[in-house]
Amino acid sequence: MNNRIATYRLTISFLSYWFVSTGNEQGAYADQLALKDSEGFPYIPGKTIKGVFREAFRLAGNSGWFSDSENEHEKDNNFLNVLIQAIFGHDGTVSGFSEDELHTGGLIHVSNAELPENIKNQIGNSKSFLFRTIQNTAVDRETGTAMNKSLRTSEVVIPFHLSTEVILDAPGDEVTGITRNDLDKIAGILPDVASIITEIGGKRRRGFGRCQCRMEKINV
């Protein structure tokens, strides 16, 4: 069983309307509904956060943030991929490494991001104010007018803070090419990686989901 390297509290502060879509619709109300928990509160699945964290981690790696690794593969262009696959998991193979050599589930674990419990208690059953409906339509590039039957309504969530827990485990014997020392160093950089995440959720190219992320190491 892996030893835990670090535990963090990740706070996501939204600066714009945001949503994670359920893929479902609800008649005349909306063509696209925001994801909600069993109590009707909006949240962000851990796998969604892990996905954007992975993108940010790759961007940081491509910018040389991890170039001081003492790993023997540090000068190999494949090392960043190995590092990302080991930390975040993978669904295939990496050149030069067998399936057994990588921890397929990933060493980092992210819980769902939710409203703080005390805020939920204050809101109680008055959840409707958390949501808005936004309408948009496709525009014909030639005429500059709205395309017929293209009107869509999306349920979005107002800006507020959500939080979640992020856990980084140490590599086990099944992970090769990554050392405990590598992970100890990366553990100190992860809060900086989180800070470059600026968008989460759907329709990010249209201005939705703009956010600031702050991750702090906590003692457990």
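Here the structure is shown first, and the text comes after it.
Per chain, residues are indexed from 1 in the order of the written sequence. Only residues with pLDDT of at least 70 are given local features in this predicted model, and only at 80 or more are side-chain atom pairs given and counted; all residues enter the totals for whole chains, interfaces and linings. Here the side-chain values reflect all heavy atoms present in the structure, with hydrogen atoms and water set aside.

**Q** Can you tell me about the nonpolar core, naming the residues and giving the values?
**A** A general feature of soluble globular proteins is that nonpolar side chains tend to end up buried together. Membership of the largest hydrophobic core comes to 59 residues, with the highest contact counts inside it found for Ile12, Ile44, Phe57 and Leu168. To qualify as a helix, a DSSP run of H or I must reach at least 4 residues; to qualify as a strand, a run of E must reach at least 2; elements of each kind are numbered from the N terminus. For this core, the secondary-structure elements that each account for two or more residues are strand E1 (4–14), helix H1 (46–62), helix H2 (79–88), strand E2 (108–110), strand E4 (152–157), strand E5 (161–169), helix H4 (180–195) and strand E6 (211–218). With eight residues, H2 is the largest single contributor of residues to this core. For the purposes of this section, nonpolar cores are sets of buried Ala, Val, Leu, Ile, Met, Phe, Trp, Tyr and Cys residues that join through side-chain atoms within 4.5 Å. Exposure is judged per residue with a 1.4 Å probe applied to protein chains only, and the accessible area is read against the type maximum: over 50% gives exposed, under 20% gives buried, and values in between give partly exposed.

**Q** Please set out the packing of aromatic side chains residue by residue, giving values where relevant.
**A** Each Phe, Tyr or Trp ring, with Trp reduced to its six-membered ring, pairs with another whose centre is within 6.5 Å; inter-plane angles below 30 degrees give stacked pairs, above 60 give edge-to-face pairs, and intermediate values give tilted ones. Enumeration according to the criterion identifies five aromatic pairs in this entry. Ring geometry for Phe19 against Phe208: centres 6.2 Å apart, planes inclined by 80 degrees, an arrangement best described as edge-to-face. Note that Phe19 is positioned in the loop between E1 and H1 and Phe208 in the loop between H4 and E6, a separation of 189 residues in sequence. Each member of the pair, Phe19 together with Phe208, is buried.

**Q** Go over unusual backbone geometry with me, naming the residues and quoting the values.
**A** Phi angles above zero are rare outside glycine, and Lys203 is one such case at about 50 degrees. Here Lys203 shows up in the loop between H4 and E6.

**Q** So what about the environment of Ala187? Which residues, and what values?
**A** With respect to the helices and strands, the residue Ala187 is situated in helix H4. A residue is classified by how much of its surface remains accessible, and Ala187, at 7% relative accessible area, is buried. Put simply, Ala187 and Asp169 are 18 residues apart on the chain and 9.8 Å apart in space, counted from C-alpha to C-alpha. Excluding its chain neighbours within four sequence positions, the residues that come into contact with Ala187 are Ile5, Ala6, Tyr8 and Leu168. Contacts are assigned to residue pairs that have any heavy atoms within 4.5 Å of one another.

**Q** Give me the sheet that holds E2: which residues, what numbers.
**A** Criterion used throughout: strands pair if DSSP finds at least two bridges between them. Taken together, four strands build an open sheet; the order of strands is E2-E5-E1-E6 and the sheet is antiparallel. Single-partner strands in this sheet number two, and they are E2 and E6. The sheet shows a mean angle of 25 degrees between the axes of neighbouring strands, taken without regard to direction. Here E1 pairs with E5 via nine bridges, running antiparallel. Bridging across to E5, Tyr8 finds its partner in Val166. Only the contacting stretch of a helix is used when fitting its axis, a line to C-alpha atoms as for every element, and angles between N-to-C directions run 0 to 180 degrees. Contacts between H4 and the sheet are confined to E1, E2, E5 and E6, with E1 contributing the most and set at about 10 degrees to the helix.

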